[in-house]
Every structure is written in structure tokens, then in C-alpha cells.
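What follows is the residue order along each chain.
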Amino acid sequence: MYAIIETGGKQYRVETGSTIQVESLPGEVGATIELNQVRLVHGDAGIVVGQPLVKGATVTAEILRHGRTRSITVFKKKRRKNYRRTRGHRQGFTSLRVTNIATA
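Residues numbered from 1 in each chain as written. Predicted model: local features only at pLDDT ≥ 70, side-chain atom pairs only at ≥ 80, totals over all residues. Heavy atoms only, no water.

Caption draft 1: Representation of a positive patch on the surface in the model. The grouping of Lys76, Lys78, Arg85 and Arg87 at the surface amounts to a positive patch. Counting residues per element, the ones that place at least two in the positive patch are strand E8 (72–78) and strand E9 (83–89). With respect to the helices and strands, the residue Arg87 is situated in strand E9. (Patch = residues over 30% accessible without salt bridge, like charges linked within 9 Å, V, L, I, M, F, W, Y side chains within 5 Å. Areas by Shrake-Rupley, 256 points an atom, 1.4 Å probe, with all protein chains shown as cover. Salt bridge = Lys/Arg side-chain N within 4 Å of Asp/Glu carboxyl O. Lys, Arg positive; Asp, Glu negative; His and termini not counted. Charge placed at Lys NZ, Arg CZ, Asp CG, Glu CD. Helix = DSSP H or I, 4+ residues; strand = E, 2+ residues; numbered from the N terminus.)

Below is the structure:
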């Protein structure tokens, strides 16, 4: 059984027991979070596609850790104008372990 969920403006394919890395979510490490923006569920009854969301479907996950990704360099330049700006960015993330996929 698997589901396609949406969080942080991105979509993820998840199965029970899988670990995913999503945009930062509020909550303590070890807490349980419920994701109810489920786009598609594939299970014993077949495929259920939402219009746009599957009614009553939820994905329960456990927060494993919070962190930040590797640093990227953002460089802006305008030629012949002596304009240069260098800046770094580290995106925050939350690591989740999917514990249950429930449909209504």
C-alpha cells in the first residue's frame, strides 16, 4: 500500500515504514504528526485518486529529526556595473517515518 501526499508545496510517494525528508514542520522529535493532504491512495481496493484530495484519507508519521541541508552559494552579478553579491543558504528540513496510511 502506498500514498501520494503533499506537504511544503511538494508531493511525495510514501509507504508504511518509509522515511522521507520534507520541508520544515512544527513539532518535537518523537511526536506524531498527521498529514491529511493525500492526493492518491493505492491499496487492496485499488487506486483511489482525489479530486484534488482523497476524502477521509490520512497519513500518520513520526518526527525523527530536524536539520538543515548542505549550504548552497547564491551569487548575483550585473556585468559592467561593479555589482556582485554572494550569499549562502541552508534549507531546513524535517525527517519523517511513515507509521500508518488510513482511508475512510
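Caption draft 2: Summary view of the sheet that holds strand E10 (residues 92–102). Here we have four strands laid out as an open sheet, ordered E3-E10-E7-E4, and antiparallel in their pairing. Looking at which strands have only one partner, the edges of the open sheet turn out to be strand E3 (19–23) and strand E4 (32–35). Along the sheet, successive strands turn relative to each other by an average axial angle of 45 degrees, direction set aside. Inspection of the sheet shows E3 paired to E10 by five bridges, in the antiparallel sense. Opposite Gln21, over in E10, you have Ser95 as the bridge partner. (Pairing = 2+ DSSP bridges. Axes fitted to C-alpha atoms, helices over the stretch in contact; angles between N-to-C directions.)

Caption draft 3: Inspection of the sheet that holds strand E1 (residues 2–7) at higher detail. With respect to topology, four strands assemble into an open sheet ordered E2-E1-E5-E6, the strand pairing being antiparallel. The strands lining the two open edges of the sheet, one partner per strand, are strand E2 (10–15) and strand E6 (46–49). On average, each strand axis in the sheet is inclined to that of its neighbour by 15 degrees, with strand direction left out of account. In this structure, E1 lies alongside E2, joined through six bridges in antiparallel fashion. For Thr7, the partnering residue across the bridge sits in E2 and is Lys10.

Caption draft 4: Region of interest: the pattern of salt bridges. According to the stated counting rule, one finds four salt bridges in the structure shown. A salt bridge links Arg13 to Glu15; the nearest nitrogen and oxygen atoms lie 2.9 Å apart. For the salt bridge of Glu62 with Arg97, the shortest nitrogen-to-oxygen distance reads 3.5 Å. Here Glu62 is found in strand E7 (residues 58–68), whereas its partner Arg97 is found in strand E10, with 35 residues between them in sequence. The class for Glu62 is partly exposed, based on a relative accessible area of 27%. (Buried < 20%, exposed > 50% of the residue type's maximum accessible area, 1.4 Å probe, protein only.)

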